[in-house]
Amino acid sequence: MYMVQALDIYKKFDELEVLKGVSLQVEKGQVIAIIGPSGSGKSTFLRCLNRLETIDSGTIEIEGEIMVQNGPGGKAVYRSEDTIFRLRQKMGMVFQNFNLFPHKSVLDNLILAPVMVNKVEPARAKETARVLLEKVGLSEKANNFPFELSGGQQQRVAIARALAMNPDIMCFDEPTSALDPELTGEVLQVMKGLAVENMTMIVVTHEIGFAREVADQVIFMDDGIIIEQGSAEDVIVNPQHERTIAFLSKVLMAR
Amino acid sequence: MDYIMMLLPPMIKGWTVTLQLFFLTLCVALPIGIAMGIARVSRLKPLKWFMEFYVWIFRGTPLLLQLLFVYFGLMTVGLRMERFNAAALAFVLNYSAYLAEIFRSGIQSIEKGQYEAADVLGLTRFQTMTKIVLPQVFKRVLPPIGNEVINLVKDSALIYVLAISELLRVAKNAVMRDETFIPFIVAAVFYLFMTAVFQQFFKWLETKYNYYH
């Protein structure tokens, strides 16, 4: 059983085709890195996996359960909201812009959803939250507000907030792209820690170094399709396709 | 001085009428404005259109006209209201429209990422609105709401057209009767006192909301 299986995903924004038949299979504990130029559809694809965007056609299964599949007309048909809700709860999401709740303290950001959605006792939720803050190295910031934190710290809080819902799969949408270069390290460190703990992760990223070091599988996307896919060694060190080579040389040159 | 002391009792009486209209309008129009502001961004198209139409009507015509319409206009079709009630109704209808616009723009100013974060955490639409969106909206709309409150203090004088003895009408009658401008000055002091109080109140509210950015 795959943790996530996406088959032949198509997606249009108005007339613009952003996904043209993308497929992905993620096994338990795997770290998948999706790289590619901006506009390649990689973020859209990730967002489709937990229905932040709806797909036009294709199949998405989460832990063996179908979330959406093609109906008789070949158009994607989603399961009931209840089912979708249940499946989405298995996935945590970390955004490029953190999207912390600015009017809530760090601790309240972490316990809000567990208490409101999962009906966890506030005291227990706080206990869990403190453990998670410890894990991302921000124990002493529990009572601070997001605006008092650096971007790197905010993103680590956002990771802890996603983890507080106890997901099986963590999705990261360019988690370090909004950060100053000197702050990306602390976020990547936390993500590496998760990988070591065997968290299943799908990471859309520009951090080629991170992809190479941590990812079990690297996917290079361009123009709405997967161009190349394989181990970090295959895709990053010995890319076959010329578009991959061109992209990597551009990105690595910028370093 | 003696003249002013003599003026005060009737003016204070007029002032209480002004205050009644003020608080009644605010207490009723605020919740309606919030509800309408939410309806303005609703996915239910007919509801959205209706609210747009409503706002257009009540922002697009003079409040004075609305006052006259609610009292005299409805009277011609057999709906006779107490003058003060008619005034309060017109004010609520009018201020709801303005407040709805303020809340609509406040709601739309909240970043899409806030909705998405709430969404992936599993919050319902209602929870997202009440726990994530509206608390942030309140902070952002405080300055424009403060403006409206000050406007409401001054607009309250308009109800004189329905021959309701509010502050300004009492002053005007005294001016005509006694052939002196002093009552107008006293009325101005009353208005300035009220606006000063509300200005300070909103300043205090804004600092209270300053605990986050």
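Undergrad: Hey, could you run me through the overall build of chain A in this one?
TA: Within chain A, the secondary structure is distributed over nine helices and eleven strands. On C-alpha atoms alone, chain A measures out to a radius of gyration of 18 Å, which is about the 18 Å that the 2.2 N^0.38 rule sets for 255 residues. In chain A, which comprises 255 residues, the proportion classed as buried is 57%. The long-range share in chain A, meaning contacts at least 24 apart out of those at least 6 apart in sequence, stands at 62%. Taken as two groups, the 26 positive and 34 negative side-chain charges of chain A have centres that lie 5 Å from each other.

Undergrad: Sorry if this is basic, but what is going on with the interface of chain B and chain A here?
TA: Buried accessible area, meaning the area lost when the parts come together, often serves as the stated size of an interface. If you look at the interface, chain B gives 19 residues, while chain A gives 24 residues. For the chain B and chain A pair, buried surface summed over both sides reaches about 2,000 Å², with 65% attributable to carbon and sulfur atoms. Summed over the shared surface of chain B and chain A, the result is six residue pairs in polar contact (both at pLDDT 80 or more). For the side of chain B that touches chain A, the secondary structure elements donating two or more residues are helix 5 (112-120) and helix 6 (125-155) of chain B. Counted by class, the side of chain B that touches chain A contains nine nonpolar, six polar and four charged residues.

Undergrad: Any chance you could explain the sheet that holds strand 1 (residues 4-13) of chain A here in plain terms?
TA: What holds strands together in a sheet is hydrogen bonding between their backbones, with the strands either parallel or antiparallel. Residue and element names in this part refer to chain A. If you trace the five strands from one edge of the open sheet to the other, you get 2-1-4-5-6, paired in antiparallel fashion. Looking at the sheet topology across the chains shown, the edges are occupied by strand 2 (16-26) and strand 6 (76-78). Averaged over all pairs of adjacent strands, the angle between strand axes in this sheet comes to 20 degrees, irrespective of strand direction. Sheet analysis places strand 5 (residues 65-70) next to strand 6, joined by three bridges and oriented antiparallel. Bridge assignment links Val68 to a residue of strand 6, and that residue is Tyr78. On the sheet, helix 2 (residues 81-88) packs against strand 4 (57-62), strand 5 and strand 6 and is oriented at approximately 125 degrees with respect to strand 5.

Undergrad: Whenever I open this one, the sheet that holds strand 10 (residues 217-222) of chain A confuses me. Can you help?
TA: Residue and element names in this part refer to chain A. Strand order in the open sheet made by the six strands is 7-8-9-3-10-11, with mixed pairing throughout. What marks the edges here is a single partner per strand, and that holds for strand 7 (91-94) and strand 11 (225-230). Strand-to-strand twist across the sheet, computed as the mean angle between neighbouring axes with direction ignored, equals 15 degrees. With four bridges connecting them, strand 3 (residues 31-35) and strand 9 (residues 200-204) associate as parallel partners. Bridging across to strand 9, Ile34 finds its partner in Val204. Its contacts with the sheet put helix 5 (residues 151-163) on strand 7 and strand 8 (169-173), and the angle it makes with strand 7 is roughly 165 degrees.

Undergrad: What is the right way to read empty space enclosed by the protein from this model?
TA: The method is simple in principle: a probe with the dimensions of a water molecule rolls over the atoms, and the space it marks as empty is what remains. All names here are of chain A. Going through the model one piece at a time under the given rule, you end up with one cavity of 30 Å³ or more. The volume enclosed by the largest cavity comes to roughly 90 Å³. With three residues, the top contributor of residues to the lining of the largest cavity is strand 7. Of the residues in the lining of the largest cavity, the class split is nine nonpolar, two polar and one charged.

Undergrad: How should the layout of surface pockets be read in this particular structure?
TA: In this model, the largest pocket occupies a volume close to 1,100 Å³. For the largest pocket, the lining is made up of 32 residues, of which B:Arg43, B:Tyr115, B:Asp119, B:Arg125 and B:Thr128 are closest to its centre. Put simply, the parts of the chain that give the lining of the largest pocket at least two residues each are helix 2 of chain A together with helix 1 (2-40), helix 4 (83-108), helix 5 and helix 6 of chain B. Split into classes, the residues belonging to the lining of the largest pocket amount to 14 nonpolar, seven polar and eleven charged. In this model, the second largest pocket occupies a volume close to 240 Å³.

Undergrad: It is not clear to me how a nonpolar patch on the surface should be interpreted in this structure. Could you clarify?
TA: A contiguous nonpolar surface patch, about 450 Å² in accessible area, is contributed by B:Phe50, B:Phe53, B:Trp56 and B:Ile57. Topologically, B:Phe50 is positioned in helix 2 (residues 45-60).

Undergrad: When you look at the environment of A:Asn97 in this model, what are you seeing that I'm missing?
TA: Among the structural elements, A:Asn97 can be located in the loop between strand 7 and helix 3 (106-116). Residues A:Asn97 and A:Asp173, 76 residues apart in the sequence, show an inter-C-alpha distance of 9.2 Å.

Undergrad: What is the right way to look at the packing of aromatic side chains in this model?
TA: Aromatic ring pairs are reported here in terms of the distance separating the ring centres and the angle at which the planes meet. All chains considered together, the criterion is met by 17 aromatic pairs over all chains. Taking 6.4 Å as the distance between ring centres and 65 degrees as the angle between the ring planes, the aromatic pair formed by B:Phe23 and B:Phe198 counts as edge-to-face. Residue B:Phe23 is located in helix 1, and its partner B:Phe198 is located in helix 8 (residues 182-208); the two are separated by 175 residues in the primary sequence. Judged by its relative accessible area of 41%, B:Phe23 is partly exposed. Judged by its relative accessible area of 13%, B:Phe198 is buried. Between the aromatic rings of B:Phe53 and B:Trp56, the centroid separation amounts to 6.0 Å while the plane-to-plane angle is 50 degrees, which identifies the pairing as tilted. Of this pair, B:Phe53 and B:Trp56 both sit in helix 2, three residues apart, which is roughly one turn of that helix. A residue is classified by how much of its surface remains accessible, and B:Phe53, at 45% relative accessible area, is partly exposed. Ring pairs connect the aromatic residues A:Phe145, B:Tyr211 and B:Tyr212, which therefore count as one cluster.

Conventions adopted
- Residues numbered from 1 in each chain as written.
- Chains lettered and ligands numbered in written order.
- Predicted model: local features only at pLDDT ≥ 70, side-chain atom pairs only at ≥ 80, totals over all residues.
- Heavy atoms only, no water.
- Helix = DSSP H or I, 4+ residues; strand = E, 2+ residues; numbered from the N terminus.
- Rg over C-alpha atoms; globule rule 2.2 N^0.38 Å.
- Buried < 20%, exposed > 50% of the residue type's maximum accessible area, 1.4 Å probe, protein only.
- Contact = heavy atoms within 4.5 Å.
- Lys, Arg positive; Asp, Glu negative; His and termini not counted.
- Charge placed at Lys NZ, Arg CZ, Asp CG, Glu CD.
- Buried area = accessible area lost by both parts, 1.4 Å probe.
- Polar contact = N/O pair within 3.5 Å; in protein donor to acceptor, adjacent residues only side chain to side chain.
- Nonpolar A, V, L, I, M, F, W, Y, C, P; charged D, E, K, R; others polar.
- Pairing = 2+ DSSP bridges.
- Axes fitted to C-alpha atoms, helices over the stretch in contact; angles between N-to-C directions.
- 1 Å grid on protein atoms, 1.4 Å probe; cavity = no way out; pocket = protein on both sides within 12 Å on 5 of 7 lines; lining within 4 Å.
- Points joined across faces, edges and corners; volume = space filled by probe spheres on them.
- Patch = residues over 30% accessible without salt bridge, like charges linked within 9 Å, V, L, I, M, F, W, Y side chains within 5 Å.
- Areas by Shrake-Rupley, 256 points an atom, 1.4 Å probe, with all protein chains shown as cover.
- Salt bridge = Lys/Arg side-chain N within 4 Å of Asp/Glu carboxyl O.
- Phe/Tyr/Trp six-rings, centres within 6.5 Å; stacked < 30°, edge-to-face > 60°.

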